[in-house]
Amino acid sequence: MINLTIDGKKYQAEEGQTVLEVAHRHGIFIPTLCVDEAVSAYGACRLCMVEIDRKGRKKLVASCLYQVEEGLVVTTQNDRITNIRKTVIELLLARCPQSEGVQTMAKKLGVNGTRFESEKPENLCTLCALCTRVCSEVVGKSAISLVSRGTGREVALPYYEDKTDCIACGSCAYICPTGAIKMKDGNGVRTITWPNCEVSFKLRRCAKCGAE
Ligand code: FES
């Protein structure tokens, strides 16, 4: 077992656990918008930043990625951390002003608005990459990926190709925390809509019950 301190209290953790896992297991609040236990951590949203102290040297780390170490001292709340989280959520509010998930988290963090301008107010995608991770890690496909760079970064078919590996399972729509990915069944067709493209599949009927 590994001994560590979080916010002045001593805890034990298993090797390989992340600081976030240990904190959440003990009911310590650390905000997150890009983790799900179904997939590996990716460190996209940066809301989970905490301060660690290793032999007197303090630094900020993403707690969803940082693994526990013997003697680690973690602080989950102080002015520095609060300011970072508030700035991050303001940036996300500017990126996705209509996302309920982002708005709810902003309220939790005491943020009522953003200083930053919104380029695409209709955008719902926070680039959390839960959809691309579930597709590759759980479904075993790579039907979608994060493509392009900077402000043009988005979820799309890899290399913007016009053919797809999608099997119409809908896992991406299910795991998407903001409603940016939509799935609709109707008239024997399933349509999955990603932020910048759409695919449709003919549904088969179950020979026994007739369900699509
Ligand atoms: Fe750690 Fe999003 S939860 S970066």
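Residues numbered from 1 in each chain as written. Predicted model: local features only at pLDDT ≥ 70, side-chain atom pairs only at ≥ 80, totals over all residues. Heavy atoms only, no water.

J.: Any chance you could explain the environment of Gly101 here in plain terms?
T.: Of note, Gly101 is situated in helix α3 (residues 100–108). Residue classification places Gly101 among the partly exposed residues on the basis of a relative accessible area of 25%. In this structure the C-alpha to C-alpha distance between Gly101 and Leu124, which are 23 residues apart in sequence, comes to 9.6 Å. (Helix = DSSP H or I, 4+ residues; strand = E, 2+ residues; numbered from the N terminus. Buried < 20%, exposed > 50% of the residue type's maximum accessible area, 1.4 Å probe, protein only.)

J.: I tried to follow the domain arrangement of the protein on my own but got confused; where do I start?
T.: The parts lose accessible area when they come together, and the size of an interface is often stated as this lost area. We note that the domain assignment places domain 1 (2–78) and domain 2 (130–202) within the protein. In this structure, domain 1 and domain 2 have C-alpha centres spaced 31 Å apart. Between domain 1 and domain 2, the residue contacts involve nine residues of the former and nine residues of the latter. Counting the surface lost from both domain 1 and domain 2, the interface buries some 640 Å², and carbon and sulfur atoms represent 58% of this. Contact with domain 2 buries area across many residues of domain 1, yet Val39, Ser40 and Tyr42 alone supply 60% of it, more than any other trio. The interface formed by domain 1 and domain 2 contains zero salt bridges. Put simply, domain 1 and domain 2 have three residue pairs in polar contact (both at pLDDT 80 or more) between them. The residue inventory of the side of domain 1 that touches domain 2, partitioned by class, reads seven nonpolar, one polar and one charged. (Domains from an automatic or database assignment. Contact = heavy atoms within 4.5 Å. Buried area = accessible area lost by both parts, 1.4 Å probe. Salt bridge = Lys/Arg side-chain N within 4 Å of Asp/Glu carboxyl O. Polar contact = N/O pair within 3.5 Å; in protein donor to acceptor, adjacent residues only side chain to side chain. Nonpolar A, V, L, I, M, F, W, Y, C, P; charged D, E, K, R; others polar.)

J.: Just to check I follow, could you spell out the pattern of salt bridges for this structure?
T.: Think of it this way: side chains of opposite charge can pair up when their charged atoms draw near. Tallying each qualifying case throughout the model produces four salt bridges. Of the charged contacts, one joins Arg54 and Glu69 as a salt bridge, the two residues approaching to 3.0 Å between their closest N and O atoms. Within this pair, whereas Arg54 is found in strand β3 (residues 49–54), its partner Glu69 is found in the loop between β4 (57–62) and β5 (72–75), the two being separated by 15 residues in sequence. Residue Arg54 is classed as partly exposed on the basis of its relative accessible area, which comes to 40%. Residue Glu69 is classed as partly exposed on the basis of its relative accessible area of 24%. Close ionic contact of Glu90 with Arg115 constitutes a salt bridge, the shortest N to O distance being 3.0 Å. Remark: Arg115 occurs in the loop between α3 and α4 (130–138) and Glu90 occurs in helix α2 (residues 79–95); sequence separation between them is 25 residues.

J.: I tried to follow the side chain of Thr132 on my own but got confused; where do I start?
T.: Here Thr132 is to be found in helix α4. Thr132 gets classed as buried once you look at its relative accessible area, which sits at 11%. Of the polar contacts made by the side chain of Thr132, one reaches the backbone oxygen of Ala129; its length is 3.1 Å. Excluding residues that lie within four positions of it along the chain, Thr132 makes contacts with Ile144, Ser145 and Leu146.

J.: Would you explain the packing of α2 against α3 in this entry?
T.: The angle between the axes and the distance between the axes are what describe a pair of packed helices. With their axes 10 Å apart at the nearest point, α2 and α3 run at an angle of 150° to one another. With respect to α3, the axis of α2 lies roughly antiparallel. Where α2 crosses over α3, the handedness of that crossing is left-handed. Contacts between α2 and α3 involve Ile89, Leu92 and Leu93 from the former and Val102, Gln103, Met105 and Ala106 from the latter. Classifying every residue of the contact of α2 with α3 gives six nonpolar, one polar and no charged. (Axes fitted to C-alpha atoms, helices over the stretch in contact; angles between N-to-C directions. Parallel < 35°, antiparallel > 145°, perpendicular 65-115°, else oblique. Left-handed = near helix turned anticlockwise from the far one by under 90°.)

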